[in-house]
Amino acid sequence: MSQLINVGEMQCGRGNWRQALAALEGVGDVSDHGAMAVHSVQHCARLQQGDRAGADESFDYLQEHRALSTTLYLKALLREKRMDDAAAALIGALDCEKERAEALGMVQDCLTPRFPPEADAIEARRRALLLRDDVGAAIDRVGRRQHYEILEP
């Protein structure tokens, strides 16, 4: 199942919303985290498709279950270009002991492969988010951000 979701994410990153949704057709029962991943792909695809209602439905799911995956919720906020909300969510995750490790993982600067156009836009917004003073202060309170000469996990 996770491979189909990963294919959907890759296709959405390439701007291929039809193929992203087609990949999800084979997904059956998934874990709670898997449901977050499915809604993340659906959110991406529906935005590309211009289906605002469908995108909002998936976004609402991601927001309601954000404690299951800080990263997927933040990606949705970045897709929506909601930088202030993304900053608040990241700062909140950094301040929460349960979510901190995932949030600190997201703020690290690693070598990254070339992104397809849609994913590249989200990565550019992630990097801009990390340059904000409020986000930097939150990171400094609980950890640090470094550059690693390795590919992102």
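Our structure is the block above this text.
Not measured: the values here are computed from a predicted model. (Residues numbered from 1 in each chain as written. Predicted model: local features only at pLDDT ≥ 70, side-chain atom pairs only at ≥ 80, totals over all residues. Heavy atoms only, no water.)

Caption draft 1: Seen up close, the pattern of salt bridges. Taken as a whole and assessed by the stated rule, the structure comprises 11 salt bridges. The partner of Arg127 in a salt bridge is Asp109, and the shortest N-O contact between them spans 3.0 Å. In this pair, Arg127 is assigned in helix α8 (residues 117-130) and Asp109 in strand β1 (residues 109-111), connecting sequence segments 18 residues apart. Classification of Arg127 as partly exposed rests on a relative accessible area of 29%. Here Asp109 falls in the buried class, since its relative accessible area comes to 16%. Residues participating in the shared-partner salt-bridge network are Asp109, Glu123, Arg126 and Arg127. (Salt bridge = Lys/Arg side-chain N within 4 Å of Asp/Glu carboxyl O. Helix = DSSP H or I, 4+ residues; strand = E, 2+ residues; numbered from the N terminus. Buried < 20%, exposed > 50% of the residue type's maximum accessible area, 1.4 Å probe, protein only.)

Caption draft 2: Examining the packing of helix α2 (residues 17-24) against helix α3 (residues 32-49) more closely. Contact geometry for α2 and α3: axes closest at 9 Å, N-to-C directions at 150°. Judged on the interaxial angle alone, α3 and α2 are roughly antiparallel. The way α2 lies across α3 gives a crossing that is left-handed. Where α2 approaches α3, its residues Trp17, Ala20, Leu21 and Leu24 are matched on the opposing element by Val38, Val41, Gln42, Ala45, Arg46, Gln48 and Gln49. Across the contact of α2 with α3, the residue classes break down as seven nonpolar, three polar and one charged. (Axes fitted to C-alpha atoms, helices over the stretch in contact; angles between N-to-C directions. Parallel < 35°, antiparallel > 145°, perpendicular 65-115°, else oblique. Left-handed = near helix turned anticlockwise from the far one by under 90°. Contact = heavy atoms within 4.5 Å. Nonpolar A, V, L, I, M, F, W, Y, C, P; charged D, E, K, R; others polar.)

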